[in-house]
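Listed here are the chains, written in short residue letters.
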Amino acid sequence: MNNVKYYNDSLAYDFEMFAPKTADTPRKRDNIVTLPADKVRTQKRTRAAAKAMSPSVLLIMATVFVLAGLCGNIALRLQINEVNSQISDMRASLNELDSQKTSLEVEVQRRISYANLELEAMELGMKKLEKDSVTYIRVNDKNTAKTANGNVMTAE
């Protein structure tokens, strides 16, 4: 249909637009034109991309990535094993030092125990304090003291 005639006429509505179309009416095609060069260009691009990424290239790239991942995994596991062995060595030395500390504490406790002190004192000629060996000193206003020998001592 030609819409230009509506601008020249004073018709309010064109009912022909709503009328059913008959087979005699020629159908107009859309005004979209596809250029054959565009199709050729896109086909060339897809072919070039397909050639660049052929299955053998993709297979080689995938193999390289998988091998690189495996090598990296092995290297990291080796480092982890080395660190774990260092940790176990440090724990063993820590346990050894703890046992030495415990044995030294036991030795110190054994040396300073009451029974050992009493035994050492006996060996040196000391004896336990008894009531008769205590000497009491009575101090009076004169500030004098009498010793066990009978000597009198003054503050002067």
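Residues numbered from 1 in each chain as written. Predicted model: local features only at pLDDT ≥ 70, side-chain atom pairs only at ≥ 80, totals over all residues. Heavy atoms only, no water.

**Student:** So what exactly am I meant to see when it comes to helix H4 (residues 114-123) here?
**Tutor:** Since the α-helix turns once every 3.6 residues, residues separated by three or four places project in the same direction. The element H4 is barely covered by neighbouring structure, given that only 0 of its 10 residues are classed as buried. Positive phi appears at glycine 125, one or two residues downstream of H4, with a value of about 95°. (Buried < 20%, exposed > 50% of the residue type's maximum accessible area, 1.4 Å probe, protein only. Helix = DSSP H or I, 4+ residues; strand = E, 2+ residues; numbered from the N terminus.)

**Student:** Whenever I open this one, the environment of arginine 110 confuses me. Can you help?
**Tutor:** Relative to the assigned elements, arginine 110 resides in helix H3 (residues 55-111). For arginine 110, a relative accessible area of 46% puts it in the partly exposed group. Within the structure, the side chain of arginine 110 is placed 2.5 Å from the side chain of glutamate 107, a separation counted as a polar contact. (Polar contact = N/O pair within 3.5 Å; in protein donor to acceptor, adjacent residues only side chain to side chain.)

**Student:** I tried to follow the pattern of salt bridges on my own but got confused; where do I start?
**Tutor:** A full pass over the atoms with the stated rule returns 3 salt bridges. With a closest N to O distance of 2.5 Å, glutamate 107 and arginine 110 form a salt bridge. With glutamate 107 and arginine 110 both in helix H3 and 3 residues apart, the pair spans about one turn of that helix. A salt bridge links glutamate 118 to lysine 128; the nearest nitrogen and oxygen atoms lie 3.6 Å apart. Here lysine 128 lies in the loop between H4 and strand S1 (144-146) and glutamate 118 lies in helix H4, a separation of 10 residues in the sequence. By relative accessible area, glutamate 118 is classed as partly exposed at 28%. (Salt bridge = Lys/Arg side-chain N within 4 Å of Asp/Glu carboxyl O.)

**Student:** Looking at this model, I keep getting lost on the confidence of the model for the protein chain. Mind explaining?
**Tutor:** Detailed conclusions should not be drawn from predicted coordinates in areas where pLDDT is low. Residues of the protein chain with pLDDT of at least 70 account for 71%, and the chain-wide mean is 79. The weakest mean pLDDT in the protein chain belongs to helix H1 (residues 5-8) at 55; the strongest belongs to H3 at 93. (pLDDT = per-residue confidence, 0-100.)

**Student:** In this structure, what is going on with the environment of threonine 147? I would like to understand it.
**Tutor:** Following the sequence through the fold, threonine 147 ends up in the loop between S1 and strand S2 (152-154). Owing to a relative accessible area of 30%, threonine 147 belongs among the partly exposed residues under this scheme. Counting along the chain gives 12 residues from threonine 147 to threonine 135, while the straight-line C-alpha distance between them is 8.1 Å.

**Student:** Any chance you could explain the environment of serine 88 here in plain terms?
**Tutor:** Among the structural elements, serine 88 can be located in helix H3. A polar contact of 2.8 Å, which involves the side chain of serine 88, links it to the backbone oxygen of serine 85.

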